[in-house]
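Reading the structure
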Amino acid sequence: MNAEPYVHMRRLENGMFEPVLDKQEPPPQQDMIDTQPAEGLRVYESSASRVFSDRHDTGMVKVWHHQLCHQLSSHPNGDEVYFVSGTTIQLLNTKTQATREVMRVDYQVQSMSVGCGYLAVCGCHGQLTIRSLETGQDVYNDITSLHSDLNNALHLAYLYDHPCIIISSNDKTVKIMSLSTLQILGTLPFSVCMNFATASPDGTHLVAAGDCNRCFLYKIERGHAAEGTPGSLVFTKLDELEVSKDLEGCCFSAAWDHTSKYFAVLQQTPGTVTVFDLETRTPIRRLHSVKRKRECRAVRFYHPPNSDYNLLIFSERTRYVHVVEFSGRTTLGRHQLLKLPQVKSLRNNWNYNYGSYIAGFAMTPNFDRLYIGRIDGIFQFEKAQVPSLKMACTQFIQHNITHWDTEHWDTVLPQELW
């Protein structure tokens, strides 16, 4: 396959973008397309009103780690969204604007995951709390029994039909725990702090990302167990795959497509998302942030029902969320760029850059809406029927989800995003 030239997008005075060929870019490796497509790229900028409050109340998150962007999750009914709020998890009804507390812990929540009938949160000193959404009761609430270091991310998944939680931590491990027995099924050691790990939808593979320019691929096999219990799981390391040549670029997120044939790994800098083919263990696509070297934070795959493609969605540090149609090795469809308004309320605040960070995103179960969270509220983008991927911001949900605790940051001068 002939690789396409690298194309990046230059922002014009009217706010739109035009493709610019980067002739200095070295040729991409064989059989991989390294591009940010110009064709089909549409920029949607929210023109909705903005609400900002600097009050320290339970309606706002005090995020202690600005690189952890797992603060939002959609409720199965589609009209509600979970979000982190300091030491609590709140559930916001996007129609009525009402919120209610669904969980409270005695530590600052770093990351959240919702799935498999559970809600799980973690803290910066090894804290982990898991609650059953069916009963509303905690099934696990412990501190430092696993370790006493920062838990960076959680992922809830079914492994061989049994619900499990995958914990990525700064103790340089990824741990897999059964939610049925609350036993550790596996501990994967690494030489670097681990930021994210996720299992494939079919439960047979796991990819982990950490503070290096490589990702780690594992095979998951079932161990011997009594009927009805998960028993042991056997994790076999298959490969370490180079995400980019940038040795200083940490990998912060990863995701699988619905077929379990492809997985994406996000590297914070140089701001790229690389899609790998599981069978060949080679990169086949690389997507870039709007501006070269601009940091990216989180990536997810979503599979709309009755469709033959996935939506690959990834967020930059501030302002931009990319939505890309992905249909496998040879097909990359339209590329939409959702643009959030600047946080003008923070323009004269030294904490401006932190306040503009995207805290997370989540798509509704029927894939008609995408929620994006930030300091000044939750943005709702709705998907139109034609063209298939066109999304426009139709509502700004006036509820603060993020607040940066300025006492724990060194004073810096405001900086422009561009």
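Figured I'd write up the structure that's included with this text.

What counts and what doesn't
Residues numbered from 1 in each chain as written. Predicted model: local features only at pLDDT ≥ 70, side-chain atom pairs only at ≥ 80, totals over all residues. Heavy atoms only, no water. Helix = DSSP H or I, 4+ residues; strand = E, 2+ residues; numbered from the N terminus. Contact = heavy atoms within 4.5 Å. Areas by Shrake-Rupley, 256 points an atom, 1.4 Å probe, with all protein chains shown as cover. Buried < 20%, exposed > 50% of the residue type's maximum accessible area, 1.4 Å probe, protein only. Disulfide = S-S within 2.5 Å. Phe/Tyr/Trp six-rings, centres within 6.5 Å; stacked < 30°, edge-to-face > 60°. Lys NZ or Arg CZ within 6 Å of the ring centre and 35° of its normal. Pairing = 2+ DSSP bridges. Axes fitted to C-alpha atoms, helices over the stretch in contact; angles between N-to-C directions. Core = buried A, V, L, I, M, F, W, Y, C linked by side-chain atoms within 4.5 Å. Salt bridge = Lys/Arg side-chain N within 4 Å of Asp/Glu carboxyl O.

1. Thoughts on the overall build of the chain
Of regular secondary structure, the chain possesses one helix and 32 strands. Here the contacts in the chain between residues at least 6 apart in sequence split such that 52% fall between residues at least 24 apart. Accessible surface, the chain: about 17,100 Å² in total, of which carbon and sulfur atoms supply 46%.

2. Comments concerning the environment of Asp 277
Within the secondary structure, Asp 277 is located in strand β23 (residues 272–277). Classification of Asp 277 by relative accessible area gives buried; the value is 7%. For the pair Asp 277 and Phe 263, spaced 14 residues apart in sequence, the C-alpha separation works out to 6.9 Å.

3. A closer look at the state of the cysteines
One pass over the structure, following the stated rule, counts zero disulfides. Here Cys 164 stays free of any disulfide, with the sulfur of Cys 116 as its closest cysteine sulfur at 8.1 Å.

4. Let's talk about the side chain of Ser 168
Within the fold, Ser 168 resides in strand β14 (residues 162–169). Not counting residues up to four positions away in its chain, the partners in contact with Ser 168 are Asn 151, Asn 152, Ala 153, Thr 173, Val 174, Met 194, Asn 195, Phe 196 and Ala 197.

5. Considering the packing of aromatic side chains
Per the counting criterion, the structure on display carries seven aromatic pairs. Residues Phe 190 and Tyr 218 carry aromatic rings whose centres are separated by 6.1 Å and whose planes lie at 80° to one another, so their mutual orientation is edge-to-face. Remark: Tyr 218 occurs in strand β19 (residues 214–222) and Phe 190 occurs in the loop between β16 (184–189) and β17 (194–199); sequence separation between them is 28 residues. Ring geometry for Trp 256 and Phe 263: centres 5.0 Å apart, planes at 50°, overall tilted. Comparing Trp 256 with Phe 263 shows no difference in burial state: the two are buried. Ring pairing ties together the aromatic residues Phe 190, Phe 216 and Tyr 218, which thus form one cluster. Seen from the ring of Tyr 357, Arg 297 lies directly overhead, with NZ or CZ sitting 5.5 Å from the centre.

6. Remarks on the pairing of strand β8 (residues 99–104)
As paired elements, strand β7 (residues 88–93) and β8 share five bridges and run antiparallel to each other. The residue of β8 that forms the bridge with Thr 88 is Arg 104.

7. A few points about the sheet that holds strand β10 (residues 118–122)
Backbone hydrogen bonds are what pair the strands of a sheet, in a parallel or an antiparallel way. Across the sheet, which stays open at both edges, the four strands sit in the order β9-β10-β11-β12 with antiparallel pairing between neighbours. Each edge of the sheet is formed by a strand with only one pairing partner; in this case those strands are β9 (111–115) and β12 (138–142). Across this sheet, the average inter-strand angle for adjacent strands is 10°, counted without regard to direction. One ladder, built from five bridges, connects β9 with β10; its direction is antiparallel. Bridged to Val 114 within β10 is Leu 119.

8. Focus: the sheet that holds β16
With respect to topology, four strands assemble into an open sheet ordered β13-β14-β15-β16, the strand pairing being antiparallel. Sheet topology places β13 (151–159) and β16 at the edges, where each strand pairs with a single neighbour. Shown here is a sheet whose adjacent strand axes are inclined to one another by a mean of 15°, direction ignored. With five bridges connecting them, strand β15 (residues 173–178) and β16 associate as antiparallel partners. Bridging from a neighbouring strand, Lys 175 pairs with Thr 187 of β16.

9. Here we look at the environment of Gly 186
When you line up the elements, Gly 186 lands in strand β16. Sequence separation between Gly 186 and Ile 176 is 10 residues, and the spatial gap between their C-alpha atoms is 5.2 Å. Setting aside residues up to four positions removed in sequence, Gly 186 forms contacts with Val 174, Lys 175, Ile 176 and Phe 235.

10. Quick word on the nonpolar core
Core analysis: the largest hydrophobic core is formed by 21 residues, its most contacted members being Val 174, Ile 176, Leu 188, Phe 190, Leu 206 and Ala 208. Only β13, β14, β15, β16, β17, β18 (205–210), β19 and β20 (233–242) provide two or more residues apiece to this core. Setting aside residues up to four positions removed in sequence, Ala 208 forms contacts with Val 174, Phe 190, Met 194, Phe 196, Ala 197, Cys 215 and Phe 216.

11. What to know about the pattern of salt bridges
On inspection of all chains with the given rule, the structure shows 12 salt bridges. The shortest N-O distance in the salt bridge between Glu 242 and Lys 245 comes to 3.2 Å. A salt bridge links Asp 368 to Arg 369; its shortest N-O distance comes to 3.4 Å. Of the residues examined, Asp 368 reaches a relative accessible area of 27% and is grouped as partly exposed. For Arg 369, a relative accessible area of 11% gives the class buried. What you see here is one network of salt bridges that share partners, running through Asp 79, Lys 95, Asp 368 and Arg 369.

Remember, this is a structural readout, not a statement about activity or role.
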